[in-house]
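So you can see what is in the structure, the chains are spelled out below.
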Amino acid sequence: MRLILVGPPGAGKGTQAKRLVEHLGVPHISTGDMLRAAVKAGTELGKKADELMKSGQLVPDDIVIGMVRERIVEPDAQKGFMLDGFPRTRPQAEALDTALQAADVALDAVILIDVADEAIEKRITGRRCAPADGTIYHVEYDPPPPGVEVIIRADDRPEAVKERLTKYHRDTKPIIPFYESKGLLKRVDGLASPDDVTKRMLAALGI
Ligand code: AP5
């Protein structure tokens, strides 16, 4: 299956993607994770992305499009993939379409995890990430077990979260009608426990 997960920052895309890929047996391709890995490794790309990400700005389309084009042709993505955090702009959606057409494959669905802005702040300010294996926790809803080292993401400061939400509404939301017009969009209410959201997503996919 070839899937895209869309939703505002903190909607639960990463949390749900990790569960769904186990079920579907396809790789989880998160542009946020790829960019954070580049920042950590200190590559040229990482150096360019670091300041933009910390302040909640988007990384330029050409950089992210190039990264995803290379990733989706890798052997493990031939049977399908779950894109998380990409596309995030209309040009990214169009570039993905072109790349998929060139490979003579098509998307199966685009899942929008709907969460209102008011719920986002609590989710993001409580998020903790385990650098060892990428597990995502929440101090209240899913606390990290004792002894597990966790960090707070550099872009989870309130000013950066505000900017990320602004960017979501301005740049990312326009891709929703783009996929709706292709009959690919499935809306899932993300305001429920992670288990219930997973069930809703599987139901939306008819699994
Ligand atoms: P990215 O990493 O993609 O961040 P994001 O889209 O802002 O999404 P988040 O990772 O913040 O949230 P999420 O929806 O995955 O939620 P999570 O599961 O963690 O991108 C980061 C940056 O990279 C961007 O700002 C940009 O600079 C750059 N970038 C990335 N892709 C790009 C692109 N395509 N183009 C340009 N730039 C790009 O959950 C959040 C919290 O809520 C967690 O603590 C979790 O435990 C908790 N939680 C999850 N589900 C539930 C639930 N159902 N109930 C209660 N709590 C829950």
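Residues numbered from 1 in each chain as written. Predicted model: local features only at pLDDT ≥ 70, side-chain atom pairs only at ≥ 80, totals over all residues. Heavy atoms only, no water.

Colleague: Sorry, what's going on with the packing of helix H1 (residues 13–24) against helix H9 (residues 194–204) here?
Modeller: Relative placement of two packed helices is described by the angle separating their axes and the distance separating the axes. It is at 10 Å that the axes of H1 and H9 come closest, and there the two elements cross at 55°. Judged by the angle between their axes, H1 and H9 are oblique. Where H1 crosses over H9, the handedness of that crossing is right-handed. Only Pro194, Asp195, Val197, Thr198, Met201 and Leu202 of H9 make contact with H1, whose side of the interface consists of Thr15, Gln16, Arg19, Leu20 and His23. (Axes fitted to C-alpha atoms, helices over the stretch in contact; angles between N-to-C directions. Helix = DSSP H or I, 4+ residues; strand = E, 2+ residues; numbered from the N terminus. Parallel < 35°, antiparallel > 145°, perpendicular 65-115°, else oblique. Left-handed = near helix turned anticlockwise from the far one by under 90°. Contact = heavy atoms within 4.5 Å.)

Colleague: I'm lost on the pattern of salt bridges in this one. Help?
Modeller: The tally for this structure, following the rule as stated, stands at 21 salt bridges. With its nearest N and O atoms 2.6 Å apart, the salt bridge here joins glutamate 159 to arginine 157. Exposure remark for arginine 157: the relative accessible area of 36% places this residue in the partly exposed category. One network of salt bridges, with partners in common, ties together Arg127, Arg153, Asp155, Asp156 and Arg164. (Salt bridge = Lys/Arg side-chain N within 4 Å of Asp/Glu carboxyl O. Buried < 20%, exposed > 50% of the residue type's maximum accessible area, 1.4 Å probe, protein only.)

Colleague: Looking at this structure, how should I read the packing of helix H2 (residues 31–41) against helix H3 (residues 44–54)?
Modeller: One can describe the packing of H2 onto H3 by two numbers: an axis separation of 8 Å at closest approach and a directional angle of 115°. It follows that H2 is roughly perpendicular to H3 by the angle criterion. In the crossing of H2 with H3, the sense of the turn from one axis to the other is left-handed. For the pair formed by H2 and H3, the contact residues are Gly32, Leu35, Arg36, Ala38 and Val39 on the first element and Leu45, Gly46, Ala49, Asp50 and Met53 on the second. Taken together, the residues of the contact of H2 with H3 sort by class into 6 nonpolar, 2 polar and 2 charged. (Nonpolar A, V, L, I, M, F, W, Y, C, P; charged D, E, K, R; others polar.)

Colleague: Explain the sheet that holds strand E2 (residues 28–30) to me, please; I cannot follow it from the model alone.
Modeller: Sheets are built from strands that pair by backbone hydrogen bonding, the pairs being arranged parallel or antiparallel. The strand order across the open sheet formed by 5 strands is E2-E3-E1-E4-E7, and the pairing between neighbours is parallel. Whereas interior strands pair on both sides, the edge strands pair on one side only; in this sheet they are E2 and strand E7 (185–189). Direction aside, the axes of adjacent strands within the sheet are offset by 20° on average. In this structure, strand E1 (residues 2–6) lies alongside strand E4 (residues 109–114), joined through 4 bridges in parallel fashion. Within E4, the residue paired with isoleucine 4 across the bridge is valine 110. Helix-sheet contacts for H2 involve E2 and strand E3 (81–84), and the interaxial angle to E2 is about 65°. (Pairing = 2+ DSSP bridges.)

Colleague: In this structure, what is going on with empty space enclosed by the protein? I would like to understand it.
Modeller: Where empty space is left in the structure can be found by rolling a water-sized probe over the atoms. Inspection of the entire model under this criterion finds 1 cavity of 30 Å³ or more. Volume-wise, the largest cavity comes out at about 40 Å³. As for the largest cavity, its lining consists of Ile65, Val68, Arg69, Ile72, Phe86, Ala95, Leu96 and Ala99. Contributions of two or more residues to the lining of the largest cavity are made by helix H4 (61–72) and helix H5 (90–102). Grouping the amino acids of the lining of the largest cavity by side-chain chemistry returns 7 nonpolar, no polar and 1 charged. (1 Å grid on protein atoms, 1.4 Å probe; cavity = no way out; pocket = protein on both sides within 12 Å on 5 of 7 lines; lining within 4 Å. Points joined across faces, edges and corners; volume = space filled by probe spheres on them.)

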